Structures are given as structure tokens and as C-alpha cells.
Amino acid sequence: MPQNPKIPVTIGRLILMQLILAVTLLLPDTGVAQQTNNTLNGIVLKLDSGEPLQYVEITNINTGTATESDEKGNFSIKASKNERLRFEYPGYRTDTLVIIEFDLKRVYLTPDGSAILIDEVRIEALSDNQLATEIERAKREGQIAEASQHRGGIRISPSRWFGQRGKQARQRYELLLAEQERRKIDSRFTPQLITSLTPLSGQQLGLYMTKYRPTVDFISSANDEALRLYIMDTYAAFKKLTPAELSEIKAPTEDQ
């Protein structure tokens, strides 16, 4: 008796359909699933200097998810398209970002010009001894535990990032440390020293001091002769700046 040729063809088709269905179930959903639970990566920078800003609080306004930028300003947060992120840091204007694409984001925060208060006292009004005491207090409360070369001292342990009190202490620590560094630079890089070595004055002096403000590491290690040579060398470079380059320098105003 001749065999029915349709039987193996039907069974083959059935097996093929089952294989296609199995493969389809294993493939990732390219629709709605890809629009949610994405990770947005970015970096937060200071607008005035372009330096990374660490311990900025980043919040997904739609979901309530929050994170902080690390010591290099980097951050990662779960988000979806059209959701909004809020960026907050004391002394800087709060900014928001609407997520359109998931490429690397650079977020620049602008100083808001407001006074930084530590226990209702302006940070600038603290004496040097009070400032050192507040730095130690913030360090303890933030549970800073890792030694490094960051700013020549202690950096904050990423394992201690959780908790409102610790977060506030870390931000306070950074602000206090920045104020201490500012005082170290200002104590030696003075208008009096610069005008004794150059003919700069008025607006030109302000532009020069902003453009060539030395780092705290240099100020801490340089002797008086090295500082004078630095001023003379940078003044020579300052004289070669074009009007367009001078216009790009953001000199501080009198009330800042």
C-alpha cells in the first residue's frame, strides 16, 4: 500500500511552528520593555569652572528613585523616556532634565549666589578654628573612612552613601573643605602681591586672578619665590590673550 506523503509534511510543519514559537518567546521584547528600566549615565559639572561636582542629589521626579554623583561627578540612574530628573546641591541652582535620549548627559549647575549656612552661621563668617572643627564634625557624621590623595586628605567612602544625615554631612564636608582651600589660596595669592609684580589693576586684575588662580596643592607646596615666578609667567601669558578670550573669563562680582 502506498504511503500518504502528506503525513510527514504535516508533522514537519508542526515541529517547525513549535520551534519558531519557542525562539520568539526567548527573544527580548523590542517594544515597551525597552522604553522602561533604562539606565541613564551622565556627569555633573560646575558651570563656572567645568570641574566635576560630587555628591549632587539626582532624583527621578516621576518614580522617586534617587542617587548621588560620585567624586568625579559621574552618576547612573534608572529612568524612561520623557521622565524628568532633578539635580540639587547646596549653593547651586536646582536644575531639571527631561530625558529624550539615553546618550551620556553633561549637566552644568550654576552657583545661585546664596550664602551657605552652617548651623545658621554663614560659612564665610566661621573662624579658621571653627572651620577646622566643623570639618571634623562633618567627617565623623558622614562616616568618611577611606584615605586617598583627593584634596590631599580623606575622601568619602562610597559605601556610606545612604541616609539623609550622612548625605547632608557629606555635602557640608565638601563645602567646608572648599572654603578652607579658598582661604589657603587667598592668603597668598593676593591683589597686593600681584600688583607689586605687575601693572594690573581694576577689571584686568580681576580677570587675571580668575583665569590664573592657582590650585591649593600648588599654594601648599610653593615657597614665596616659586609663587612670584608663577605670577610673572602667568602674567606674560595673560598679556597674550585676545579680547575674545578675555570676554570668556567669568570674573566674580563684588557681592559674590
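For the structure, see preceding data.
Residues numbered from 1 in each chain as written. Predicted model: local features only at pLDDT ≥ 70, side-chain atom pairs only at ≥ 80, totals over all residues. Heavy atoms only, no water.

A.B. asks: Go over the side chain of Glu 68, please, and point to the residues and values.
C.D. replies: With respect to the helices, strands and loops of the structure, Glu 68 is situated in strand 3 (residues 66-68). A relative accessible area of 6% places Glu 68 in the buried class. There is a polar contact of 2.7 Å between the side chain of Glu 68 and the side chain of Arg 170. (Helix = DSSP H or I, 4+ residues; strand = E, 2+ residues; numbered from the N terminus. Buried < 20%, exposed > 50% of the residue type's maximum accessible area, 1.4 Å probe, protein only. Polar contact = N/O pair within 3.5 Å; in protein donor to acceptor, adjacent residues only side chain to side chain.)

A.B. asks: How would you explain the pairing of strand 1 (residues 38-46) if you had to name every residue and give the values?
C.D. replies: Two strands pair when backbone bridges link them, and strand 1 and strand 4 (residues 74-79) are joined in this way by six bridges, in the antiparallel orientation. When the sheet's bridge partners are listed, Asn 38 is paired in strand 4 with Ala 79. Where strand 1 lies against strand 7 (residues 105-109), five bridges are found, and the strand directions are parallel. Across the sheet, residue Gly 42 finds its bridge partner in strand 7, namely Lys 105. (Pairing = 2+ DSSP bridges.)

A.B. asks: So what's going on with the sheet that holds strand 2 (residues 57-60)? Which residues, and what values?
C.D. replies: Read from one edge of the open sheet, four strands run 3-2-5-6, paired in antiparallel fashion. The open sheet has two edge strands, strand 3 and strand 6 (95-98), and neither has a second partner. Here the strands of the sheet are splayed against their neighbours by 20° on average, with no regard to which way each runs. Pairing between strand 2 and strand 5 (residues 84-88): four bridges, direction antiparallel. Bridging across to strand 5, Glu 57 finds its partner in Glu 88. (Axes fitted to C-alpha atoms, helices over the stretch in contact; angles between N-to-C directions.)

A.B. asks: Could you give an account of the packing of aromatic side chains, naming the residues involved and the relevant values?
C.D. replies: This structure, assessed with the given rule, holds eight aromatic pairs. Between Tyr 208 and Phe 238 the ring centres are 5.8 Å apart and the planes differ by 85°, which places this aromatic pair in the edge-to-face class. Taken as a pair, Tyr 208 in helix 5 (residues 202-211) and Phe 238 in helix 7 (residues 224-239) lie far apart in primary sequence, 30 residues in all. Each member of the pair Tyr 208 and Phe 238 is classed as buried. Site record: aromatic cluster; members linked through ring pairs are Phe 189, Tyr 208, Tyr 212, Phe 218, Tyr 230 and Phe 238. (Phe/Tyr/Trp six-rings, centres within 6.5 Å; stacked < 30°, edge-to-face > 60°.)

A.B. asks: I'd like a rundown of the environment of Ser 69, residues and numbers included.
C.D. replies: Within the secondary structure, Ser 69 sits in the loop between strand 3 and strand 4. C-alpha separation for the pair Ser 69 and Ile 58, spaced 11 residues apart in sequence, amounts to 7.5 Å. Look past the residues within four positions of Ser 69 in its chain and what remains in contact with it is Val 44, Leu 53, Gln 54, Tyr 55, Val 56, Ile 58, Asn 74 and Phe 75. At a separation of 2.9 Å, a polar atom in the side chain of Ser 69 contacts the main-chain carbonyl oxygen of Leu 53. (Contact = heavy atoms within 4.5 Å.)

A.B. asks: Lay out the sheet that holds strand 4 in plain terms, naming residues and giving numbers.
C.D. replies: In a beta sheet, neighbouring strands are held together by backbone hydrogen bonds and run either parallel or antiparallel to one another. Ordered in space as 4-1-7, the three strands form an open sheet in which the pairing is mixed. Where the open sheet ends on each side, the last strands, each with one partner, are strand 4 and strand 7. Between one strand and the next, the sheet's axes are offset by a mean angle of 35°, whatever the strand orientation.

A.B. asks: Which residues make up the pairing of strand 5, and what values go with them?
C.D. replies: Burial of strand 5 is one-sided: the residues Leu 85 and Phe 87 facing one way are buried, the residues Arg 84, Arg 86 and Glu 88 facing the other way are not. As paired elements, strand 5 and strand 6 share four bridges and run antiparallel to each other. Looking at strand 6, one finds that Arg 86 is bridged to Thr 96. The antiparallel hairpin formed by strand 5 and strand 6 contains six residues in its connecting segment, where Gly 91 sits at a positive phi of about 85°.

A.B. asks: Explain the pattern of salt bridges to me, using residue names and the numbers behind them.
C.D. replies: Evaluation of the coordinates by the stated rule reveals 15 salt bridges. The closest approach of N and O atoms between Arg 183 and Asp 128, which form a salt bridge, is 2.8 Å. Of this pair, Arg 183 sits in helix 3 (residues 164-186) while Asp 128 sits in helix 2 (residues 128-141), and the two are 55 residues apart along the sequence. Residue Arg 183 is classed as buried on the basis of its relative accessible area of 17%. The exposed category is assigned to Asp 128, whose relative accessible area is 55%. We note a salt bridge from Glu 225 to Arg 228, for which the minimum N-O separation is 2.8 Å. Residue Glu 225 and its partner Arg 228 are both found in helix 7; the two are separated by three residues, about one turn of the helix. With a relative accessible area of 41%, Glu 225 lands in the partly exposed category. On the basis of relative accessibility, which here comes to 33%, the residue Arg 228 falls in the partly exposed class. Each of Asp 128, Glu 179, Arg 182, Arg 183, Asp 186 and Arg 213 takes part in one network of salt bridges that share partners. (Salt bridge = Lys/Arg side-chain N within 4 Å of Asp/Glu carboxyl O.)

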